[in-house]
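# Inside the fold
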Amino acid sequence: MRLLLVEDDNHVAAALSAVLTRHGFDVVHARNGEEALRAVLPATHPGKPPFGVVLLDLGLPDQDGYQVCGKLRKLTSTPVIMVTARSDVRSRIHGLNLGADDYVVKPYDTGELLARIHAVARRHSSADEPGAAAEDALRLGPVTIELPTRRVSVAGTEVQLTRKEFDLLALLAQRPGVVFRREQIISEVWRTSWEGTGRTLEVHVASLRSKLRMPALIETVRGVGYRLVAPTA
Ligand code: CA
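Quantities reported herein were computed from a predicted structural model and do not represent experimental measurements. (Residues numbered from 1 in each chain as written. Predicted model: local features only at pLDDT ≥ 70, side-chain atom pairs only at ≥ 80, totals over all residues. Heavy atoms only, no water.)

## Some words on the UniProt feature "modified residue: 4-aspartylphosphate" (unreviewed entry) in the protein
Going by this rule: UniProt positions are given in the numbering used here, feature names are shortened, and annotations may be inferred rather than shown by experiment. For this analysis, residues touch if any pair of their heavy atoms sits within 4.5 Å.
The UniProt feature table records "modified residue: 4-aspartylphosphate" (unreviewed entry) at Asp57. For Asp57, the contacting residues outside a window of four places in its chain are Val6, Glu7, Asp8, Val83 and Lys106.

Here it is in structure tokens:
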């Protein structure tokens, strides 16, 4: 996948490019807003496919990163992940309102960044092809989650889950490696901000671990929430 890295700090860019290249990305580096906006024009790289993702640092020397994001949005449908040291909610909302697809706060974990890049790229490519079946089933090692039929199997054997267990697993499985906060899970799965008895979520997680016979699949991140650890085999 081609990836446009917009970053004015050459040391940061070199280190990140090396990691991304090792993970199979074809990285193009832009050092400022102007270079970034030029890079996404098809005429700049004739014969090359469009970028799969733009990683946009917000602190750029020539233009405000938010403005660059807004301008990128007008030039291309390539998903944009903003990368910034500003972690406050207002900055985040502002970025998402300008059309960013995701928002990563420095310092970030490289594994999480890679998971987010793959997640936005996957969402984007499935939006391009509405008939694509790839998004109908999530496959994580031996675990297959069929979204339309709500069926889950482990190594080909179907596992019976309750509605909420399925919703919880499907939510976490959409972004393996990414930590979901407790409140976020409760509001998405139970569609409420009420935490029930306070143990509802724990009970469902425990039940999933035991039904799937994969206790390490869902990892507890103390004081924060849960994440799904994609099995390697
Ligand atoms: Ca910067």
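After presenting the structure, the write-up continues.
## Here's the deal with the UniProt feature "domain: Response regulatory" (unreviewed entry) in the protein
Basically, it comes down to this: Helix and strand definitions follow DSSP, with helices as H or I runs of at least four residues and strands as E runs of at least two, each counted in order from the N terminus.
According to UniProt, the positions carrying the feature "domain: Response regulatory" (unreviewed entry) are residues 2–121. Split by type, residues 2–121 is 43% helix and 20% strand. Its first and last C-alpha atoms lie 11 Å apart.

## As for the packing of helix H6 (residues 163–173) against helix H7 (residues 182–189)
This is how it is decided: Axis definition: a line fit to C-alpha positions, over the contact stretch in the case of helices; interaxial angles, taken between N-to-C directions, run 0 to 180 degrees. In these notes the angle categories are as follows: under 35 degrees is roughly parallel, over 145 is roughly antiparallel, 65 to 115 is roughly perpendicular, and the rest is oblique. Should the near helix be turned counterclockwise from the far one by less than a right angle, the crossing is left-handed, whereas a clockwise turn marks it as right-handed. Gly is put with the polar residues, along with every residue not named as nonpolar or charged; the nonpolar set is Ala, Val, Leu, Ile, Met, Phe, Trp, Tyr, Cys and Pro, and the charged set is Asp, Glu, Lys and Arg.
Packing of H6 against H7 brings their axes to within 10 Å, and their N-to-C directions diverge by 125 degrees. Comparing their axes, H7 and H6 come out oblique. Crossing of H6 against H7: the hand is right-handed. Of H7, the residues touching H6 (which contributes Lys164, Asp167, Leu168, Leu171 and Leu172) are Ile185, Glu188 and Val189. Among the residues forming the contact of H6 with H7, the class breakdown is five nonpolar, no polar and three charged.

## Some details on the packing of H6 against helix H8 (residues 200–211)
At a minimum axis separation of 10 Å, H6 and H8 run at an interaxial angle of 85 degrees. One way to sum up the angle between H6 and H8 is to call them roughly perpendicular. Listed contacts from H8 to Lys164, Glu165, Leu168 and Leu169 of H6 are Leu201, His204, Val205, Ser207, Leu208 and Lys211. Partitioning the contact of H6 with H8 into residue classes produces five nonpolar, two polar and three charged.

## As for the sheet that holds strand E10 (residues 180–181)
We count it as follows: A pair of strands is considered paired only if DSSP assigns at least 2 bridges between the two.
Spatially, the three strands line up as an open sheet ordered E10-E12-E11, and their pairing is antiparallel. At either end of the open sheet lies a strand with only one pairing partner, and these are E10 and strand E11 (218–221). Lying on the sheet, H6 is in contact with E10, E11 and strand E12 (225–228); it crosses E12 at an angle near 70 degrees.

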